[in-house]
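What follows is the residue order along each chain.
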Amino acid sequence: FLPRYKIAPPDTALIISGPIRRNYKVRNADGTVSTKKFGYRIIRGGATFYIPAIERIDQLDMCLNQVDIKTAQPVPTKEYISVLVDAVANIKIGSDDLSIATAAEQLLHYNPEQIKSLAKDVLEGNMREIIGQMTIAELVQNRDKFAQESIKAAMSDMSNMGLEIINLTIQNFSDKDGQVIETMATQKIVEKERDASIARAKAQQEGHKAEIEAQAAIAEQDKELALLKAAYQ
């Protein structure tokens, strides 16, 4: 029963349950925030004394978790072209007391794989929703916009579990038949080659025109010089 000293490293939050009650803000299932009194206290990035047998210590891992997201089924875009998405997200429990208290209620005894599975389901569901609002060209050509819209859509659901999304990277898009995106890529290459050919032809034309103008200017100067010589003679 002698008090003992416990240190919480920067990447760990200690949840100490016992007779000491503290007020903490928590996020309810509907997204609202309320203040409740709980029989635990939160220690993060610091140290505290605790009494064995009277108080219990649990730990919340505050480290980043990488979540691989691959849509199991093709998702139809705004123009009804089904695509598959391959993405990677980095998530973690939020550093503020609100996020830690919320995670303590819902994720305290979840291991990292279970937390990643929950986050994957939330992110994949919101990504499917955003895909349905964009064309395949918008998805392929503006991945950052798609990633930001997906983060914005998932933020509420993630915060309800005490989690936050650090970043979301879209690695690849592929269509169901494997032809639409490839055809778009080929078309873009052809368009770029065409534009380059037009630019080269235009440059050559302008160069030829400049050469003719230069020759004409020289001929005009030669003509004026010849007239001056004739006048002196």
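What you see is a predicted model; the values in this text were computed from it and never measured.

Together, Tyr5, Ile7 and Phe49 line one region of the surface with nonpolar side chains, adding up to about 370 Å² of accessible area. Structurally, Ile7 is set in strand S1 (residues 4-7). Looking at Ile7, the relative accessible area reads 55%, which means it is exposed.

Bringing helix H4 (residues 143-159) into the picture now. Along its 17 residues, H4 runs 24 Å from first to last C-alpha, staying within 8% of the 24 Å computed at 1.5 Å per residue. Along H4, the sharpest kink reaches roughly 35°, centred on Ala153. Here H4 has its buried residues at Phe146, Ala147, Ser150, Ile151, Ala154, Met158 and Ser159. Each element contacted by the buried residues of H4 is listed here: strand S2 (12-27), strand S8 (82-93), helix H1 (97-107), helix H2 (112-131), helix H3 (136-141) and strand S9 (163-175).

Moving on to unusual backbone geometry. Residue Ala53 is not a glycine yet carries a positive backbone phi of 75°. Given a relative accessible area of 73%, Ala53 falls into the exposed group. Within the chain, Tyr80 stands out as a residue other than glycine whose phi angle is a positive 65°. Mapped onto the elements of the fold, Tyr80 is located in the loop between strand S7 (75-76) and S8. A relative accessible area of 72% means that Tyr80 is categorised as exposed.

Calculation rules
Residues numbered from 1 in each chain as written. Predicted model: local features only at pLDDT ≥ 70, side-chain atom pairs only at ≥ 80, totals over all residues. Heavy atoms only, no water. Patch = residues over 30% accessible without salt bridge, like charges linked within 9 Å, V, L, I, M, F, W, Y side chains within 5 Å. Areas by Shrake-Rupley, 256 points an atom, 1.4 Å probe, with all protein chains shown as cover. Salt bridge = Lys/Arg side-chain N within 4 Å of Asp/Glu carboxyl O. Helix = DSSP H or I, 4+ residues; strand = E, 2+ residues; numbered from the N terminus. Buried < 20%, exposed > 50% of the residue type's maximum accessible area, 1.4 Å probe, protein only. Expected span 1.5 Å × (residues − 1). Bend = angle between axes of the 7 residues up to and from the residue. Contact = heavy atoms within 4.5 Å.

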